[in-house]
Amino acid sequence: MSSSDIFIGETIGTAVLILLGGGVCAAVTLKRSKAKDAGWLAITFGWGFAVLTGAYLAGGVSGAHLNPAVTLGLAIEGGTKWSDVPLYLGSQLLGAMIGAFLVWVTYMGQFKAHLTDPEILAAQPAEEGMVDQKSAPKAGPVLGIFSTGPEIRNAVQNVLTEVIATVVLVLAILTQGLNDGGNGLGVLGALITALVVVGIGLSLGGPTGYAINPVRDLGPRIIHSVLPLPNKGSSDWSYAWVPVVGPLIGGAIAGGLYNVAFK
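**Q** What exactly am I supposed to notice about the overall build of the chain here?
**A** When you go through the chain residue by residue, the secondary structure sums to 11 helices and 0 strands. When the helices and strands of the chain are placed in sequence order, the string is α-α-α-α-α-α-α-α-α-α-α. Its C-alpha atoms give the chain a radius of gyration of 18 Å, near enough to 18 Å, the size a compact globule of 263 residues would have. For the chain, the proportion of its 263 residues judged to be buried stands at 49%. Sequence separation of 24 or more characterises 77% of the internal contacts of the chain that already satisfy a separation of 6 or more. Accessible surface for the chain amounts to roughly 11,500 Å². Of this, 67% is attributable to carbon and sulfur atoms. Counting 13 positive and 15 negative side-chain charges, the chain places the centres of these two groups 6 Å from one another.

**Q** What exactly am I supposed to notice about unusual backbone geometry here?
**A** Peptide bonds are trans in most cases, and residues, glycine excluded, mostly fall at negative phi. Look at Leu66: it is not a glycine, yet its phi comes out positive at around 60 degrees. With respect to the helices and strands, Leu66 occurs in the loop between helix H2 (40-62) and helix H3 (68-77). For Leu66, a relative accessible area of 5% corresponds to the buried category. At Asn231, a residue that is not glycine, the phi angle is positive and equals roughly 55 degrees. Within the secondary structure layout, Asn231 lies in the loop between helix H10 (214-226) and helix H11 (242-261).

**Q** What is the right way to read the packing of helix H8 (residues 155-174) against H11 from this model?
**A** At a closest axis distance of 7 Å, the pairing of H8 and H11 adopts a crossing angle of 40 degrees. In terms of axis orientation, H8 runs oblique to H11. For the crossing formed where H8 meets H11, the hand is right-handed. Contacts between H8 and H11 involve Asn158, Val159, Glu162, Val163, Thr166, Val167, Val170, Leu171 and Leu174 from the former and Val242, Gly246, Pro247, Ile249, Gly250, Gly251, Ile253, Ala254, Gly255, Leu257 and Tyr258 from the latter. Residue composition of the contact of H8 with H11, grouped by class: 13 nonpolar, 6 polar and 1 charged.

**Q** Mind showing me how you'd approach the pattern of salt bridges here?
**A** Once the charged atoms of two side chains with opposite charge are near each other, the side chains can pair. This model, assessed by the stated rule, comprises 6 salt bridges. The residue Lys31 makes a salt bridge to Glu119 at a minimum N-O spacing of 2.7 Å. Of this pair, Lys31 sits in the loop between helix H1 (3-29) and H2 while Glu119 sits in helix H6 (residues 118-127), and the two are 88 residues apart along the sequence. Its salt-bridge partner being Arg221, residue Asp217 comes within 2.8 Å of it at the nearest N-O pair. Taken together, the positions of Asp217 and Arg221, both in helix H10 and 4 residues apart, correspond to about one turn of that helix. For the pair Asp217 and Arg221, a shared accessibility class is recorded, and that class is buried. Several salt bridges converge on common partners, so that one network encompasses Lys31, Asp117 and Glu119.

Reading guide: rules and limits
Residues numbered from 1 in each chain as written. Predicted model: local features only at pLDDT ≥ 70, side-chain atom pairs only at ≥ 80, totals over all residues. Heavy atoms only, no water. Helix = DSSP H or I, 4+ residues; strand = E, 2+ residues; numbered from the N terminus. Rg over C-alpha atoms; globule rule 2.2 N^0.38 Å. Buried < 20%, exposed > 50% of the residue type's maximum accessible area, 1.4 Å probe, protein only. Contact = heavy atoms within 4.5 Å. Areas by Shrake-Rupley, 256 points an atom, 1.4 Å probe, with all protein chains shown as cover. Lys, Arg positive; Asp, Glu negative; His and termini not counted. Charge placed at Lys NZ, Arg CZ, Asp CG, Glu CD. Axes fitted to C-alpha atoms, helices over the stretch in contact; angles between N-to-C directions. Parallel < 35°, antiparallel > 145°, perpendicular 65-115°, else oblique. Left-handed = near helix turned anticlockwise from the far one by under 90°. Nonpolar A, V, L, I, M, F, W, Y, C, P; charged D, E, K, R; others polar. Salt bridge = Lys/Arg side-chain N within 4 Å of Asp/Glu carboxyl O.

In short, the description is geometric, and any link to function would need to be established separately.
In structure tokens, the structure reads:
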């Protein structure tokens, strides 16, 4: 595939992934949203459908990596040229930022109502202290719409959680090619991947919110930091390295494990 195919497919596919995934987080979080407090099941299935839609959109154009951890795993496995990796990663980051911006545009009124609500403002002073003995800053009140955060802030555990969850995701993608006599699953692969993402969210998402994708977290976090949101609070940059490093390590491990165990 050409460089333009990679750029177009990965940018649009990742933008749609983040628009729908971030959109369900906004729907569940923000006051004046019809889906307020719909819960974890809504979030996990919303992200699964987001992956499904983005993958179907981009699959025939760029291969629908939509995730640097997947790109790294495929490069180690040998299915993606290393020379294409920077273009994949740059396109994915751009797409993630576009998708996060569109979440804000879609829910602009709800963001304003939520962040100027007296109940939310009254709760903030007590919440904007430190979240644990390490004096990490409390995330802003809508940061969870844009990016992930741990329930217990422990860097080693948080990284390991992301590594383990990402290994499951990337291995599940790589081994699809072993089916049907080596022909893979075709368009059905996007559905299987989406269901794997739902499963990861339900089973492994509790500790960190299961980023399992560096740009899914970094791109929207950048957008959160620059959007003109009133009373938005911290973007929690002290944690931002975890959902980048963890998934990349997981993707690399999955690629190496695939080469050892399945080739």
